Amino acid sequence: MPDRLLLRLDSDGGLSWLRTSAGARTPSVSTAGDPPASVLAAGSEIVVLVPSEDVLLTDVRLSARNRAQLLQALPFAIEDQLLGAIEDQHFAAATGNGDSVGAAVVAKATMTKWLDHLATANITPDVLIPETLALPADAEAVNVMIDGNRAIVRLAPWSAFACSLSEFPHWLEQANGDATLAPLVVHDFRAAPALVLPLKSSSYHERQSDPLVHLAAGLAQPALNLLDGEFATRHRHARGARRWRLAAMLAAAVLVLAVANLGFDVMRLSRASARMDVLAQEAVAKAFPDI
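I will try to describe carefully the structure that is included in this document. (Residues numbered from 1 in each chain as written. Predicted model: local features only at pLDDT ≥ 70, side-chain atom pairs only at ≥ 80, totals over all residues. Heavy atoms only, no water.)

**Some thoughts on the overall build of the protein**
Line of reasoning, step 1. Secondary structure assignment for the protein yields six helices and 13 strands.
Line of reasoning, step 2. The 291 residues of the protein split such that 39% are buried.
Line of reasoning, step 3. Partitioning the contacts of the protein with sequence separation of at least 6, the portion at a separation of at least 24 is 58%.
Line of reasoning, step 4. Within the structure as shown, the protein displays about 16,400 Å² of accessible surface, and the carbon and sulfur contribution to it stands at 56%. (Helix = DSSP H or I, 4+ residues; strand = E, 2+ residues; numbered from the N terminus. Buried < 20%, exposed > 50% of the residue type's maximum accessible area, 1.4 Å probe, protein only. Contact = heavy atoms within 4.5 Å. Areas by Shrake-Rupley, 256 points an atom, 1.4 Å probe, with all protein chains shown as cover.)

Shown next, in the form of structure tokens:
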């Protein structure tokens, strides 16, 4: 894992952050507010966790020859799961091989709002992911994080949801009705007593201290980046890539001009040489008319 600046964007626009380094232990506490410029500059990778309520996670069986074709076909493959019009949604696909593709869907207006809000704090992320993808994806357990009046749940690698605490038991019962769920592993970050849940818990960790530290511990290599497709240019390192592409294009243009100029010079000299041959032949003919 590279030196990473991890931020969490709340639904109300608040930020918290912490830095993690390769080979070092995860810090025990995060910092509330916007990170200072020195911290932003020091991070080799900036990852922002966004509210999961606004992001649909799913997977679909889809084959494509390349990523551009995949992103083009993805909206129509999951159209029946969408609540809004396709043209108003942004789609991102996971990297990897195989016919089963993990995908995320979020409204374009929401993506723009998040990125514009981050820009006001001079933050241009490398990776933008829903916070549910920072919870462990465990086949033997359903991982739950209770934070304030919200519950964030990861059922499977590409199945997750977030809801208010009052709606949480209902959502659990509904999810369990679709397929029998594994036991719950709950991390509760409230000061209140443990919740009474309708499903069995294999472990319930009460009065946890820092939600972002917990998410940082579960986040290894992000499986997906919402900065995909039309939002890929909002990627922090995309600016550097664009500069390199521009420099390469300029260098290619200079090379083409140099070759063209050389060709022009060769053609001009060839014509001049031909004219000199003609003048020389005429001069010889005048000087030696008998030859």
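**Some points on helix 4 (residues 168-178)**
Line of reasoning, step 1. Looking at helix 4, one finds that the buried residues are F168, L172 and A175. The buried residues of helix 4 occupy an angular sector of 65° when the element is viewed end-on, so they sit on one face. (Arc of directions from axis to C-beta.)

**Digging into the pairing of strand 9 (residues 142-147)**
Line of reasoning, step 1. Counting buried residues in strand 9 gives six out of six residues, a clear majority hidden from the surface.
Line of reasoning, step 2. Judged by which residues are buried, strand 9 turns out to be covered on both faces: V142, V144 and I146 on one side and N143, M145 and D147 on the other are all buried.
Line of reasoning, step 3. Pairing of strand 9 with strand 12 (residues 184-188) involves five bridges; the strand directions are parallel. Residue pairing across strands places V142 opposite L184, the latter belonging to strand 12.
Line of reasoning, step 4. Judged from the five bridges that link them, strand 9 and strand 10 (residues 150-156) form a sheet pairing that is antiparallel. (Pairing = 2+ DSSP bridges.)

**Focus: the sheet that holds strand 12**
Line of reasoning, step 1. Strand order in the open sheet formed by five strands is 11-10-9-12-13, and the pairing between neighbours is mixed. Lying at the two open borders of the sheet, with one neighbouring strand each, are strand 11 (159-164) and strand 13 (201-205). Strand-to-strand, the axes of this sheet are offset by a mean angle of 15°, without reference to chain direction.
Line of reasoning, step 2. Pairing geometry for strand 10 and strand 11, over six bridges, is antiparallel. Residue R154 lies in a different strand from strand 11, and its bridge partner there is A160. (Axes fitted to C-alpha atoms, helices over the stretch in contact; angles between N-to-C directions.)

**Notes on the side chain of T132**
Line of reasoning, step 1. Within the secondary structure layout, T132 lies in the loop between strand 8 (127-130) and strand 9.
Line of reasoning, step 2. We classify T132 as buried; its relative accessible area is 3%.

**Things to note about the pairing of strand 10**
Line of reasoning, step 1. Most of strand 10 is tucked away: six of the seven residues are buried.
Line of reasoning, step 2. Turn length for the strand 9-strand 10 hairpin, with the two strands adjacent in sequence and antiparallel, is two residues, and the turn residue G148 shows positive phi of about 65°.
Line of reasoning, step 3. As consecutive antiparallel partners, strand 10 and strand 11 are separated by two residues.

**Quick notes on the packing of aromatic side chains**
Line of reasoning, step 1. Per the counting criterion, the structure on display carries one aromatic pair.
Line of reasoning, step 2. A ring pair is formed by F161 and W171, whose centres lie 5.4 Å apart and whose planes are at 25°; its orientation type is stacked. Residue F161 is located in strand 11, and its partner W171 is located in helix 4; the two are separated by 10 residues in the primary sequence. (Phe/Tyr/Trp six-rings, centres within 6.5 Å; stacked < 30°, edge-to-face > 60°.)

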